[in-house]
Amino acid sequence: MKAQAIEVKVELGGRSYSALVGRGVLGMAKAVVEHNRGLGNRNVLVVEKVADKLWGDYIRTALSILPGDTIVVAGGEAAKTWQRAEELLRQWIELGLGRKDWVWVAGGGATLDLVGFAAAVFQRGISWANIPTTFLAATDSCLGGKTAVNLGNLKNYAGAFHQPRVVFCETELLESLTPRQRSEGLAEVIKCGAIGNVALLGYLEPRLPDLRSGKLIPEAALAGALAVKAKLVGEDERDEGVRRHLNFGHTIAHVLERLCQPVPSHGAAVAQGMLVEGRLALELGMITRDELDYLAKLVAELKLPAIVLPEIKDALPLLSRDKKRTGSGIPFALPSPLGAAQVVEVEEKVIAKLWAKV
Ligand SMILES: NC(=O)c1ccc[n+]([C@@H]2O[C@H](COP(=O)([O-])OP(=O)(O)OC[C@H]3O[C@@H](n4cnc5c(N)ncnc54)[C@H](O)[C@@H]3O)[C@@H](O)[C@H]2O)c1
């Protein structure tokens, strides 16, 4: 298959790397693997169970991974644990991996976080490369170097910044996803447009139904979102400044994920979070009513389930405890105007007032 790749570059000096997005890009990974092998380095693949069943042979062939150099792991949030990371480290020791070898990971965001974290701590850091197999992972977690495991119900509490060496966003692997799973990732694409590129929203507007159904190959949407993220990561790798703009919709989403039953999916929580935080941006005069309506129209096209907000008395303590808090108010990354962003500190009483209106 002839690859049609869009390259998104993360500029981090000597640690710069690219995400290659498109149909057939995995074919290019072989050259990277063979190059390492020529240098005497080993390439081991860790692949998530469902992705392995659907795409394992395809990925192994594309990478020409040697028999015996694949580890299959359970996916999802429940497997993103300290214990599972330790098991991986022990498996890598048994395989005889060393500092110069590479770990490749294929799976959803949870698997990328887990394996990236293990790679970050194995012998103080081993090279890793990733192949996202969910839409959310392909729009967000594959790039930026945030790796983590959960500690009980404390999400991402043990983690490290460890940038991958290369990312292959092979759109063919996303063909087995459901419209619902695609919408999960498209919520992040809308977020990236809302904070960093209003033209991306213009691109999405007429195409969301086809992107959701899988009729349209999503390379432009994925690359558009990754380009917004790559720019912010390049400017602020460690999430102390502009990278926090990516948090739009997520402050409220984290509260929904902690308090709502059944626990909503991340994409649904982010979609709802953008609506609430968009309304906050309107109240604070950062976006216009027309911009909010436009954002809401795009979010509605995702057809993700609406989530009933929890009681404000339960939400506020969680918002106040947000681990990204630095000042007196609660920090929110909000569009200002749509297509750009700003982090603002919002007083609790303003949030309480907002809660009554949404
Ligand atoms: N590191 C980051 O910057 C970052 C950013 C955003 C999200 N995340 C993390 O990502 C995770 C969520 O990622 P997710 O939504 O991909 O969830 P996930 O990894 O739990 O995967 C969701 C489901 O998709 C299935 N799946 C995987 N590939 C498939 C395929 N090709 N076809 C069909 N099904 C497939 C998996 O088996 C799993 O059940 C969270 O843990 C979140 O914290 C990390």
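Digging into the state of the cysteines
So, point 1. For the coordinates displayed, the defined rule picks out zero disulfides.
So, point 2. Residue C142 stays outside any disulfide, its sulfur separated by 4.0 Å from that of C169, the closest cysteine.
So, point 3. On the basis of relative accessibility, which here comes to 1%, the residue C142 falls in the buried class.
So, point 4. In this structure C192 is a free cysteine whose sulfur lies 11 Å from that of C142, the closest cysteine sulfur available.
So, point 5. A relative accessible area of 2% means that C192 is categorised as buried.

As for the pairing of strand β8 (residues 154-161)
Within a regular strand, the side chains alternate between the two sheet faces.
So, point 1. Strand direction decides the pairing type here: strand β7 (residues 146-151) and β8, joined by five bridges, are antiparallel. Considered in β8, the bridge of K146 is made with F161.
So, point 2. Between β7 and β8, which pair antiparallel and follow one another directly, the connecting turn spans two residues, one of which, G152, has a positive phi of 60°.

Structural notes on the packing of aromatic side chains
So, point 1. Here the structure, examined in full by the defined rule, presents five aromatic pairs.
So, point 2. Between W55 and Y58, the ring centres sit 5.8 Å apart and the planes meet at 65°, which makes this aromatic pair edge-to-face. Residue W55 and its partner Y58 are located together in helix α2 (residues 49-63), separated by three residues, close to a single helical turn.
So, point 3. Given the relative accessible area of 28%, Y58 is considered partly exposed.
So, point 4. Their ring planes at 45° and their centres at 6.0 Å tell us that W82 and F117 sit as a pair that is tilted. Of the two residues, W82 sits in helix α3 (residues 82-95) while F117 sits in helix α4 (residues 109-121), which places them 35 residues apart along the sequence.
So, point 5. Relative accessible area serves as the criterion here: at 6%, F117 is assigned to the buried category.
So, point 6. Among the aromatic side chains, those forming a connected cluster through ring pairs are W102, W104 and F168.

Structural notes on the environment of M286
So, point 1. With respect to the secondary-structure elements, M286 resides in the loop between α10 (266-283) and α11 (289-301).
So, point 2. Between the C-alpha atoms of M286 and V47, which are 239 residues apart in sequence, the distance is 43 Å.
So, point 3. Beyond its immediate stretch of four places on either side in the chain, M286 contacts A281, L334, P335, S336, P337, Q342 and V344.

Some thoughts on unusual backbone geometry
Negative phi is the rule for most residues except glycine; trans is the rule for most peptide bonds.
So, point 1. Cis geometry is found at the peptide bond from Q261 to P262, where omega equals -5°.
So, point 2. Along the polypeptide, P262 turns up in the loop between α9 (250-259) and α10.
So, point 3. Residue P337 is bonded to the preceding S336 through a cis peptide linkage, with omega at -10°.
So, point 4. By secondary structure assignment, the location of P337 is in the loop between β10 (330-335) and β11 (341-346).
So, point 5. Even without being a glycine, R124 presents a positive backbone phi close to 60°.
So, point 6. For R124, the position within the fold is in the loop between α4 and β6 (127-132).
So, point 7. With relative accessibility at 78%, the residue R124 sits in the exposed group.

Observations regarding the layout of surface pockets
So, point 1. Reported here for the second largest pocket is a volume of approximately 270 Å³.
So, point 2. Surrounding the second largest pocket, 14 residues form its lining, G14, R15, Q163, P164 and R165 being those nearest its centre.
So, point 3. Taken together, the residues that form the lining of the second largest pocket break down as five nonpolar, five polar and four charged.

Structural notes on the site of the ligand
So, point 1. Around the ligand lies a shell of 24 residues, among which E48, E77, T133, T134 and S176 are the nearest.
So, point 2. At 2.6 Å, a side-chain N or O of E77 approaches an oxygen atom of the ligand.
So, point 3. In this structure, K80 approaches the ligand through a side-chain N or O atom, which is 2.8 Å from an oxygen atom.
So, point 4. In the complex, 83% of the free accessible area of the ligand, which totals 870 Å², lies under the protein chains.
So, point 5. Among the secondary structure elements, those contributing two or more residues to the shell around the ligand are α2, α4, α5 (135-141) and β8.

As for the sheet that holds strand β5 (residues 102-107)
So, point 1. The seven strands are arranged β1-β2-β9-β6-β5-β3-β4 in an open sheet whose pairing can be described as mixed. Each edge of the sheet is formed by a strand with only one pairing partner; in this case those strands are β1 (6-10) and β4 (70-73). Geometrically, the sheet is characterised by an average inter-axis angle of 15° between neighbouring strands, direction not taken into account.
So, point 2. For strand β2 (residues 17-22) and strand β9 (residues 166-170), the ladder comprises four bridges, and the chain directions are parallel.

Calculation notes
Residues numbered from 1 in each chain as written. Predicted model: local features only at pLDDT ≥ 70, side-chain atom pairs only at ≥ 80, totals over all residues. Heavy atoms only, no water. Disulfide = S-S within 2.5 Å. Buried < 20%, exposed > 50% of the residue type's maximum accessible area, 1.4 Å probe, protein only. Pairing = 2+ DSSP bridges. Helix = DSSP H or I, 4+ residues; strand = E, 2+ residues; numbered from the N terminus. Phe/Tyr/Trp six-rings, centres within 6.5 Å; stacked < 30°, edge-to-face > 60°. Contact = heavy atoms within 4.5 Å. 1 Å grid on protein atoms, 1.4 Å probe; cavity = no way out; pocket = protein on both sides within 12 Å on 5 of 7 lines; lining within 4 Å. Points joined across faces, edges and corners; volume = space filled by probe spheres on them. Nonpolar A, V, L, I, M, F, W, Y, C, P; charged D, E, K, R; others polar. Near = heavy atom within 4 Å. Polar contact = N/O pair within 3.5 Å; in protein donor to acceptor, adjacent residues only side chain to side chain. Areas by Shrake-Rupley, 256 points an atom, 1.4 Å probe, with all protein chains shown as cover. Axes fitted to C-alpha atoms, helices over the stretch in contact; angles between N-to-C directions.

No statement about biological role is implied by the geometric values presented.
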